[in-house]
Amino acid sequence: MLNVLNHGFRKEGVSNVVSLIMIAGIIISLLGMVFATYLPAWGKDIEVQTLNGMMDSFMDMKTGIDTLAVGSDPGSSYTTKFTLGSEGGPIFGFGRMSGSIELDDERGLVSVQDQFGTTYSQGRGALIYRSNTINVEDQFITLEAGAIIREQSQKAILKGSPNIVLRTDQDTGDLTLYMMAITIEGNDQSFSGTGSYLARTTLLSSQPSEYELDALTVISIEITTGYQSLWTDLFTEMAQENSLVDGVDYSISNGNDANGNPSVTLTLNTLDVIDIRTSIYQLEID
Amino acid sequence: MKRVSDRNGDAVMVTTVLMLSIILSVGGKLVLDYGEIVGKEQDMLHASDVSDSMLSMRASMSTLLEAGDTDTSILNRITLGTYGNPYLGVARSSGRLVYSPAPEDFQLSVFLEEGGSETLLNSVSGSLVFESNNFYYIDQVITFQSGGLVLDEYGRCVMSEPALFEVVRTSSGWGVDLELFTLTGEHWSTSGIDSTPLTIGLDGYSEISRDLSAGQVVSMRFNGPGEKAWEYGIRSLLTGNGLIENVDFSVTRPSDWSSSSEYLEIDLTGMETVHLLTGEMEVRICSTC
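Remember, predicted model here, so these are calculated numbers, not experimental data.

Cut-offs used in this document
Residues numbered from 1 in each chain as written. Chains lettered and ligands numbered in written order. Predicted model: local features only at pLDDT ≥ 70, side-chain atom pairs only at ≥ 80, totals over all residues. Helix = DSSP H or I, 4+ residues; strand = E, 2+ residues; numbered from the N terminus. Buried ≥ 20, exposed ≤ 12 C-beta atoms within 10 Å, placed from the backbone. Contact = placed C-beta atoms within 7 Å. Rg over C-alpha atoms; globule rule 2.2 N^0.38 Å. Nonpolar A, V, L, I, M, F, W, Y, C, P; charged D, E, K, R; others polar. Expected span 1.5 Å × (residues − 1). Pairing = 2+ DSSP bridges. Axes fitted to C-alpha atoms, helices over the stretch in contact; angles between N-to-C directions. Arc of directions from axis to C-beta.

### Here's the deal with the overall build of chain A
Then comes step 1: Assigned secondary structure in chain A consists of 2 helices and 16 strands.
Then comes step 2: Across its three principal directions, the C-alpha atoms of chain A cover 115 × 40 × 40 Å.
Then comes step 3: Buried residues in chain A amount to 40% of all 286 residues.
Then comes step 4: Sequence-distant contacts in chain A: of pairs separated by 6 or more residues, those separated by 24 or more amount to 70%.

See below:
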């Protein structure tokens, strides 16, 4: 009895309670640190890696589109894997995110015309990815008119150049427009979730054409896009690289296409040659 | 109040502290060991990914060259680093990509020799170099030289992927078929972790085919870093196809591998035909991306 009681309470019990409280304190501190610091960081890392993987998939698809246009017969195809999201990490599924991918064959219209209404080439079709993230800003990745564009926080940057090049011949001084007008056909379809889908791009036709223009012909390249500022910058850079004078050799205007959608038009007053490849693809996503 | 100690309570406290120490030690050891394993794996996977990207670029070059398409460009990408393992916060590594069209960085010239005189058939130059900055695995340098990939680690070079050279049987001898790439345009470099979009374009090309007579020798001369790798790579290719050294081909090594004035020479003595398809390739980094 002397060992058990002293002054009405049990000392062993006090020590055990103190130990338990200390252990609980340490565990709660560790958990707090994990929740406050590590889990958001892990989640952010997982989301960033998933979004980077999606961007890589878009680039791989563009590699396939370019390659098929150059060296393949109609019917040849290229398959790209798109992983829309992530199941998240093993702890509480942190970093779980989803996304959706959509083929819209009415977006990304591109048209090359002269002032008389003659159309030299046309393209259409856009592949759009929208993320649904928790720890980082949502991203939109769009493949339109051969360009890969990433939008985040309402700022768009070019991640893959379109196949539109202006080049001045050093010997003759002739200004040539090299361009690939891409049409991506397919059923308007949309997939969402965290899973992976295979996108098979099949070349239907690829036709190169070359046109020599007279001095009076004015050529307009109109692109229907939600990224007017980005395309304006791109066209400006192309013109400046060839020492073209704004208002004299070229002009760029933002407006709306025939359907009322926002568009950007590059007008070239001194173009000598159009070297254009019109490529049509079928896209199937399974 | 009399201060009284409880030995049983002390034991519980000591046990708790010891247990926590053991758990933390085991956890720390696990993170360190597992982190190193994961880190090395990530670094090695990344090196393999870079090699695959360079091979994809070569395939794009080959596609453009064989189609003779100087108008279209093909988008490619190279991932410069790895984000590593997000749970351990380790194995984040970066890399640097350097594009150099300069002949000092690599040059391969193909001559036709006969009776003391020689004719230059074609010459290609330039390299695309990836240098890793690994956290766990040893640093590697992977170099693209005229379609061949040279891997440099531990200061030793090996040809990890042979160039597009082919030795074919003709009716009564051998023929050699070479697809060569020379790099043109501006020098550039970039570094980081993310994928870098690269645009491959064909600026020009040439094709040379010759039927050779007895006594004519096809001489390939290599100069620049990676010469040793080319020696072993070409030797493996030739002997693998049944050619015998010092009968069908001979190798002359430079006395000083690092000298820019000396070169590695491989002479093909028993050839009946030679075919060279050469592309002038420009690899551009997207300036607006």
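Let us keep going from here.
### Quick notes on the overall build of chain B
Then comes step 1: The helix and strand inventory of chain B stands at 2 helices and 16 strands.
Then comes step 2: A globule of 289 residues ought to have a C-alpha radius of gyration of about 19 Å, yet chain B, at 27 Å, is considerably larger.
Then comes step 3: Reported as C-alpha extents along the three principal axes, the dimensions of chain B are approximately 115 × 45 × 35 Å.
Then comes step 4: Expressed as a percentage of its 289 residues, the buried residues of chain B come to 38%.
Then comes step 5: Looking at chain B alone, contacts between residues at least 24 apart form 73% of all its contacts between residues at least 6 apart.

### Focus on the interface of chain B and chain A
Then comes step 1: Taken together, the contact between chain B and chain A spans 32 residues of the former and 37 residues of the latter.
Then comes step 2: Elements with a minimum of two residues in the side of chain B that touches chain A: α1 (7-67), β1 (73-79) and β12 (195-211) of chain B.
Then comes step 3: Among the elements that line the side of chain B that touches chain A, the one with the most residues is α1(B), at 12 residues.
Then comes step 4: Taken together, the residues of the side of chain B that touches chain A sort by class into 14 nonpolar, 12 polar and 6 charged.

### A closer look at helix α2 (residues 227-240) of chain B
All names here are of chain B.
Then comes step 1: If you check α2, its first and last C-alpha atoms are 20 Å apart, about what 14 residues at 1.5 Å a residue would give, namely 20 Å.
Then comes step 2: Taken residue by residue, α2 has E227, A229, W230, E231, G233, I234 and L238 as its buried positions.
Then comes step 3: Each element contacted by the buried residues of α2 is listed here: β7 (148-153), β8 (156-161), β9 (164-169), β13 (217-223), β14 (249-252) and β15 (264-268).
Then comes step 4: Note on α2: the residue one or two positions beyond its end, G242, has a positive phi of about 95°.

### Brief notes about the sheet that holds β9(B)
Residue and element names in this part refer to chain B.
Then comes step 1: Read across the open sheet, the 5 strands follow the order β1-β12-β16-β10-β9; overall the sheet is mixed. In this open sheet, the two edge strands, each paired with only one partner strand, are β1 and β9. Within the sheet, the average angular offset between the axes of one strand and its neighbour, ignoring direction, is 30°.
Then comes step 2: Summarising the sheet, strand β10 (residues 174-184) and strand β16 (residues 271-285) pair through 11 bridges and their orientation is parallel. Each residue of the ladder has a partner; that of G175, found in β16, is T273.

### Examining the sheet that holds strand β3 (residues 107-114) of chain B
Residue and element names in this part refer to chain B.
Then comes step 1: In spatial order, the strands read β4-β3-β13-β15-β14; together these 5 strands make up an open sheet with antiparallel pairing. Across the chains shown, the open sheet's two edge strands, defined by having one partner strand only, are β4 (117-125) and β14. For this sheet, the mean angle separating the axes of adjacent strands, direction not counted, is 20°.
Then comes step 2: The pairing of β13 with β15 spans 5 bridges and is classified as antiparallel. For R221, the partnering residue across the bridge sits in β15 and is E265.
Then comes step 3: Its contacts with the sheet put α2 on β13, β14 and β15, and the angle it makes with β15 is roughly 15°.

### Regarding the pairing of strand β13 (residues 219-224) of chain A
Residues and elements named next belong to chain A.
Then comes step 1: In terms of residue burial, β13 counts as a mostly covered element, since 5 of its 6 residues are buried.
Then comes step 2: Alignment of strand β3 (residues 110-114) against β13, held across 5 bridges, turns out to be antiparallel. Note on β13: the bridge partner recorded for D114 is I219.
Then comes step 3: For β13 and strand β15 (residues 262-268), the ladder comprises 6 bridges, and the chain directions are antiparallel. By the bridge assignment for β15, I219 is matched with L268.

### Considering the environment of S192(A)
Residues and elements named next belong to chain A.
Then comes step 1: With respect to the helices and strands, the residue S192 is situated in strand β11 (residues 189-193).
Then comes step 2: For the pair S192 and R130, spaced 62 residues apart in sequence, the C-alpha separation works out to 9.0 Å.
Then comes step 3: Here S192 is in contact with L84, S98, G99 and S100, once residues within four sequence places are set aside.

### Focus: helix α2 (residues 228-241) of chain A
Residue and element names in this part refer to chain A.
Then comes step 1: Compared with the 20 Å implied by 1.5 Å per residue over 14 residues, the 20 Å span of α2 between its first and last C-alpha is a close match.
Then comes step 2: Taken residue by residue, α2 has W231, L234, F235 and M238 as its buried positions. For α2, the arc enclosing every buried residue in end-on projection is 95°, short of the 170-degree limit, so these residues lie on one face. In α2, the exposed positions angled more than 90 degrees off the buried face are occupied by S229 and E237.
Then comes step 3: Residues of α2 that are buried make contact with β8 (155-160), β9 (164-168), β13, β14 (250-256) and β15.
Then comes step 4: Remark: S243 follows α2 within two positions and exhibits a positive phi of approximately 55°.

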